Amino acid sequence: MKNSILLKNVRYIVTCDSQDRVLENTNVYIENGRIADISDKEWQADTILDGTNMSMYPGLVNTHHHLYQIFTRNLPKVQSMELFPWLITLYELWKNLDEEVVYFTSLLGMGELMKNGCTTCFDHHYVFPEGRNGIIEAQFEAAGELGIRMHASRGSMSLSKKDGGLPPDTVVQTIDVILKDSMRLAEQFHDPAPFSMRQVALAPCSPFSVTPDLMRESAKLARSLGVRLHTHLAETKDEERFTVGTYGMRPLEYMESLGWLGKDVWFAHGIHFNEEELKTLARTQTGVAHCPVSNMKLSSGVARIPEMLDLSVPVGLAVDGSASNDGSNMLEEMRVGYLLHRLQYGHKAPSGYELLKLATAGGARILGRNDIGTLEPGKAADFFLVDTRRFELVGAMEDPKSVLATVGLKGPVDYTVINGRIAVEKGRLVTIDEERTQNSAQESFRKFINRSN
């Protein structure tokens, strides 16, 4: 059965395509989840939206998150900590996660992403407390209810405190358990077809929480299954000291020794790469998920994004975990990223539009997808709309390509459409009851906190 939408006379269509086109006063026709036509032609459609005052953008693609952390945001005892002590403290709470917590945090985090224009979310889940099952299943259940494209990961930790790592024993697992469950989840949920709504990556947590053997075997398994690889890397100087002291190599050299470079690999953060390492990333087309807000909150440093872009390193944008960001808002990430690099690099910083492209086409490239990230016929109908008549946007629309990063958007977008279906309308989620979800999630949060204290 045909499902169609016509957007009539859209004021600005910021395509983010290879020609960087901005189309004006143009119609967009969507059929069965795909963009069928962008022209002056008027189509008959099931739903017609007036785009006369709207600016249209490709859906944002979040390339790194930890949704479960939403229940550990804004905790006073960790607000002034840097990464290693922050992790050690929070692991004592995270060891009490279960599928209910993961379900509600996934609804909250992805719902917030959608209200702010995000249409695809990658989540890096690596905490699997002993005896707790159904965690990744709970994430996909939440994503299905919301209608968002979900890239989940079977993360892992195998190096506990007693073996020289950071996490407690109750959240680490053996290699055999991890690999067996990784294969099960990939076979059950990974859909490699164009326009798929569910994909899976394998994502050991970090060099200081997994063994070299797990890294090697995860890479072999991922490539045999045709799924992508992800981990944290070069986030802090502490990590660098760990890999040099433990393995005699800097983080990227260590990853290379384990088979962890290539087009199917991307790293979160990538702050402390040197010039030669940036060239290695470019040569191998290994990607980086840039997390400016988290990098600032944890005092980790400033990633060398201008140099990466000059070298054509694949770069996407990400919010990172909610406990190191305290939100799930890619629009905020774009503006903070723009301002951070202006402060650090001056005129060499990426433009506001370049930040938008990192958050759209760049994110799609990181996730290995050519069906999302731009507005073109044949691409997925994933986009969001902003009413240019907003009080806060008076005098700001001379450059619709850059405005979301330079000026920023105050409040949710007007519409988010995912796979050709309206998921956010007038700033509200369409697919779930926000008030009921908020109340149920608050009850779950209180139970979790009481259990953890």
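Parameters at a glance
- Residues numbered from 1 in each chain as written.
- Predicted model: local features only at pLDDT ≥ 70, side-chain atom pairs only at ≥ 80, totals over all residues.
- Heavy atoms only, no water.
- Helix = DSSP H or I, 4+ residues; strand = E, 2+ residues; numbered from the N terminus.
- Buried < 20%, exposed > 50% of the residue type's maximum accessible area, 1.4 Å probe, protein only.
- Contact = heavy atoms within 4.5 Å.
- Areas by Shrake-Rupley, 256 points an atom, 1.4 Å probe, with all protein chains shown as cover.
- Lys, Arg positive; Asp, Glu negative; His and termini not counted.
- Charge placed at Lys NZ, Arg CZ, Asp CG, Glu CD.
- Expected span 1.5 Å × (residues − 1).
- Polar contact = N/O pair within 3.5 Å; in protein donor to acceptor, adjacent residues only side chain to side chain.
- Pairing = 2+ DSSP bridges.
- Axes fitted to C-alpha atoms, helices over the stretch in contact; angles between N-to-C directions.

Enquirer: Let's hear about the overall build of the chain: which residues, and what values?
Expert: The number of helices and strands found in the chain is 14 helices and 17 strands. For the C-alpha atoms alone, the extent of the chain along its principal axes is close to 65 × 45 × 45 Å. Here the chain holds 453 residues, and the buried ones make up 62% of them. Excluding contacts between residues fewer than 6 apart, the proportion of contacts in the chain whose partners are at least 24 apart in sequence is 75%. As presented, the chain carries roughly 17300 Å² of accessible surface, and 48% of it is formed by carbon and sulfur atoms. Treating the 48 positive side-chain charges of the chain as one cloud and the 58 negative ones as another, the clouds have centres 0 Å apart.

Enquirer: Tell me about unusual backbone geometry, residues and numbers included.
Expert: Positive phi outside glycine occurs at His 269, with the angle close to 90 degrees. With respect to the helices and strands, His 269 occurs in strand β11 (residues 265–269). Unlike most non-glycine residues, Lys 426 shows phi in positive territory, near 55 degrees. The topology assignment puts Lys 426 in the loop between β16 (421–425) and β17 (428–429).

Enquirer: Outline helix α2 (residues 99–115), listing residues and values.
Expert: Helix length check: α2, at 17 residues, gives a terminal C-alpha distance of 24 Å against a target of 24 Å (1.5 Å per residue), a fit within 8%. The residue sitting at the N-terminus of α2 and contributing the capping side-chain oxygen is Asp 98; that oxygen lies 3.2 Å from the backbone nitrogen of Glu 100. Of the residues one or two after α2, Gly 117 is the one with positive phi, at around 90 degrees.

Enquirer: Pulling in residues and values, what's your account of the sheet that holds strand β6 (residues 60–62)?
Expert: Ordered by their spatial adjacency, eight strands build an open sheet running β6-β7-β8-β9-β10-β11-β12-β13, and the pairing between neighbours is parallel. One side of each edge strand has no neighbouring strand; the edge strands of this open sheet are β6 and β13 (315–317). Direction aside, neighbouring strands of the sheet carry axes that sit 25 degrees apart on average. The pairing of β11 with strand β12 (residues 287–290) spans three bridges and is classified as parallel. By the bridge assignment for β12, Ala 268 is matched with Ala 289.

Enquirer: Describe the pairing of strand β15 (residues 415–418), with residues and values.
Expert: Burial along β15 is two-sided: Tyr 415 and Val 417 facing one way and Thr 416 and Ile 418 facing the other are all buried. Pairing geometry for strand β14 (residues 383–387) and β15, over three bridges, is antiparallel. Note on β15: the bridge partner recorded for Phe 384 is Thr 416. Note: β15 against β16, four bridges, orientation antiparallel.

Enquirer: Which residues make up the environment of Gly 337, and what are the values?
Expert: Following the sequence through the fold, Gly 337 ends up in helix α11 (residues 330–345). The sequence separation of Gly 337 and Ile 305 amounts to 32 residues, and the corresponding C-alpha distance is 9.7 Å. Beyond its immediate stretch of four places on either side in the chain, Gly 337 contacts Pro 292 and Leu 355.

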